[in-house]
Amino acid sequence: MTLPADTHVHSEWSWDTGGPRSDAAGRMRETCRVASRIGLATLVFTEHLDLDPEWRADPGDLLPHQRHLLNDAGIVALPPLDVDGYLDSIDRCRHEFPELHIMTGLEYGQPHLNDERAAELLGRGVFDRVNGSLHTLAAAAGRSEPNTLFRLQPPDDVIRAYLDEIPRMVAGSDSFAVFTHIDYPVRSWPTTTAGPFDPKRFEGEYRSAMRSLAESGRALEMNTRRIWPWIPQWWSEEGGRAISFGSDAHTPDAIAAGFPEAMQMVERFGFRAGSRPEDFWTR
Ligand SMILES: [Zn+2]
Ligand SMILES: [Zn+2]
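All values derive from a computational prediction rather than experimental measurement.

### Comments concerning the pairing of strand 2 (residues 42-49)
With eight of eight residues buried, strand 2 is to be regarded as a mostly interior element. In this sheet, strand 2 lies alongside strand 1 (residues 6-9) in parallel orientation, the contact comprising two bridges. What sits directly across from Val9, in strand 2, is Phe45. For the crossover from strand 1 across helix 1 (residues 27-38) to strand 2, the handedness is right-handed. Sheet analysis places strand 2 next to strand 3 (residues 101-109), joined by eight bridges and oriented parallel. When the sheet's bridge partners are listed, Leu43 is paired in strand 3 with Ile102. Following the backbone out of strand 2, through helix 2 (residues 83-96) and into the adjacent parallel strand 3, one traces a crossover that is right-handed.

### Some points on the coordination of the zinc ion (ligand 2)
Within the first shell, the zinc ion (ligand 2) binds the protein through His8 (NE2), His10 (NE2), Glu107 (OE) and Asp248 (OD), at distances of 2.0 to 2.1 Å. For the zinc ion (ligand 2), the four donor atoms in the first shell make angles of 82 to 171 degrees at the metal, so the coordination geometry reads as irregular. If you list the donors of the zinc ion (ligand 2) from N- to C-terminus, the spacing comes out as H-x1-H-x96-E-x140-D. Between the zinc ion (ligand 2) and the zinc ion (ligand 1), a separation of 3.5 Å is found, and both are coordinated by Glu107. The pair formed by His8 and His10 is uniform in burial state, with each residue classed as buried.

### Comments concerning the coordination of the zinc ion (ligand 1)
Only Glu107 (OE), His135 (NE2) and His181 (NE2) from the protein reach the zinc ion (ligand 1) as donors, at distances of 2.0 to 2.2 Å. Of note, the donors binding the zinc ion (ligand 1) are all from one chain and are spaced E-x27-H-x45-H.

### Considerations on unusual backbone geometry
Phi is positive for Gln110, which is not a glycine, with a value near 50 degrees. Along the chain, the position of Gln110 falls in the loop between strand 3 and helix 3 (111-123). Judged by its relative accessible area of 2%, Gln110 falls in the buried class. Its identity as a non-glycine residue notwithstanding, Asp248 has a phi of 60 degrees, on the positive side. In this fold, Asp248 is placed in the loop between strand 9 (242-246) and helix 9 (259-268).

### Quick word on the packing of helix 3 against helix 5 (residues 155-172)
A pair of packed helices can be characterised by two numbers: the angle between their axes and the separation between those axes. Between helix 3 and helix 5, whose axes approach to 8 Å, the crossing angle comes to 30 degrees. Comparing their axes, helix 5 and helix 3 come out roughly parallel. Residue-level contacts link Pro111, His112, Leu113 and Asp115 of helix 3 to Glu165, Arg168, Met169 and Gly172 of helix 5. A breakdown of the residues in the contact of helix 3 with helix 5 according to their chemical character gives three nonpolar, two polar and three charged.

### Section: the pattern of salt bridges
Where side chains of opposite charge bring their charged atoms close, a pairing between them can arise. Going through the model one piece at a time under the given rule, you end up with 21 salt bridges. Among the ionic pairs, Arg33 bridges to Glu30, the shortest N-O distance being 3.0 Å. One end of the pair, Arg33, and the other, Glu30, are both in helix 1, three residues apart, so they sit about a helical turn from each other. Judged by relative accessible area, Glu30 falls into the partly exposed class, the value being 31%. The partner of Glu54 in a salt bridge is Arg56, with the nearest N and O atoms 2.9 Å apart. On the accessibility criterion, Arg56 (25% relative accessible area) is partly exposed.

### Overview of a negative patch on the surface
Taken together, the side chains of Asp82, Asp84, Asp88 and Asp91 define an acidic patch exposed on the protein surface. Among the structural elements, Asp82 can be located in the loop between strand 2 and helix 2.

### A short note on the packing of aromatic side chains
Applying the stated criterion across every chain yields a total of 13 aromatic pairs. Ring centres 5.7 Å apart and planes at 65 degrees place the aromatic pair Trp15 and Trp55 in the edge-to-face group. On the criterion of sequence distance, the pair formed by Trp15 in the loop between strand 1 and helix 1 and Trp55 in the loop between strand 2 and helix 2 is long-range, its members being 40 residues apart. The exposure classification of Trp15 matches that of Trp55, with both residues buried. Summarising the aromatic geometry, the rings of Phe245 and Phe259 are spaced 5.7 Å apart at their centres and angled 45 degrees between planes, so their arrangement reads as tilted. Of this pair, Phe245 sits in strand 9 while Phe259 sits in helix 9, and the two are 14 residues apart along the sequence. For the pair shown, Phe245 and Phe259 are each scored as buried. These aromatic residues form a ring-pair network of at least three members: Phe150, Trp189, Phe197, Phe202, Tyr206, Trp228, Trp230 and Trp234. Just above the ring of Phe176 sits the side chain of Arg218; from NZ or CZ to the centre is 4.2 Å. The ring of Phe271 has Arg283 sitting right over it, with the charged end atom 5.9 Å from the ring centre.

Reading guide: rules and limits
- Residues numbered from 1 in each chain as written.
- Chains lettered and ligands numbered in written order.
- Predicted model: local features only at pLDDT ≥ 70, side-chain atom pairs only at ≥ 80, totals over all residues.
- Heavy atoms only, no water.
- Buried < 20%, exposed > 50% of the residue type's maximum accessible area, 1.4 Å probe, protein only.
- Helix = DSSP H or I, 4+ residues; strand = E, 2+ residues; numbered from the N terminus.
- Pairing = 2+ DSSP bridges.
- Right-handed = clockwise from strand over helix to strand, strands pointing away.
- Donors = N, O, S within 2.8 Å, 3.2 Å for Na, K, Ca; no water.
- Tetrahedral: all angles 85-135°; square planar, octahedral: opposite > 155°, others 65-115°.
- Axes fitted to C-alpha atoms, helices over the stretch in contact; angles between N-to-C directions.
- Parallel < 35°, antiparallel > 145°, perpendicular 65-115°, else oblique.
- Contact = heavy atoms within 4.5 Å.
- Nonpolar A, V, L, I, M, F, W, Y, C, P; charged D, E, K, R; others polar.
- Salt bridge = Lys/Arg side-chain N within 4 Å of Asp/Glu carboxyl O.
- Patch = residues over 30% accessible without salt bridge, like charges linked within 9 Å, V, L, I, M, F, W, Y side chains within 5 Å.
- Areas by Shrake-Rupley, 256 points an atom, 1.4 Å probe, with all protein chains shown as cover.
- Lys, Arg positive; Asp, Glu negative; His and termini not counted.
- Charge placed at Lys NZ, Arg CZ, Asp CG, Glu CD.
- Phe/Tyr/Trp six-rings, centres within 6.5 Å; stacked < 30°, edge-to-face > 60°.
- Lys NZ or Arg CZ within 6 Å of the ring centre and 35° of its normal.

Put into structure tokens, the structure is as follows:
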């Protein structure tokens, strides 16, 4: 079985792993080693590009190794992506693992709000793949992640706000080719107070969001942290023609996790591999 490319992978160059001078040092190399061992021929290191100036959070909303980024005003002040360090590291891995096709990329947060700030970097043309992500939503002040908002708002409102923003993100930026993890807020859904997440309750909103992505000709990522059949089903029914596969691995052991299951699942909805592992699967 040929695995499709893992097109959503993080390494020490993503701020949320702790960065290149933390325990995460060497993670890109180790991830390549695992990819080589499991026969994953192609992978894309899509490090976080997060430029929102007013991301608000409480310390408890962040992982322990991320809390030092929170300033006294309650704003998460992210270090800039070290593009040169990242590209050097890519280069070293390409030499060390000639059997792999190692591609460059970004996971670009809130493109519709940040394209001016990102223009110089994106204009350099050094990234093979730009994934667009929606991680934060408008809050009373600034923007916040869903896990913060679930403490402050009815949970259904958070999901609806997330899905409502997707068409605005599509209309507001041409910088990204793939929309990642459409189930992102579900990761922090408050099951203990709200019960298990039921996608059917938001079916209309999911379908509209997917329709806007499909009409713009973009691909939808099958984020394999959770394999949900309703995602490729509704995507195909709303006119979606292309998908990518992404593990969203932040650690080497998570690379290509769930891929065989996800491949089987999307085949049921008519998606087929392209000629190269990094090609979108299409229908
Ligand atoms: Zn993400
Ligand atoms: Zn990610």
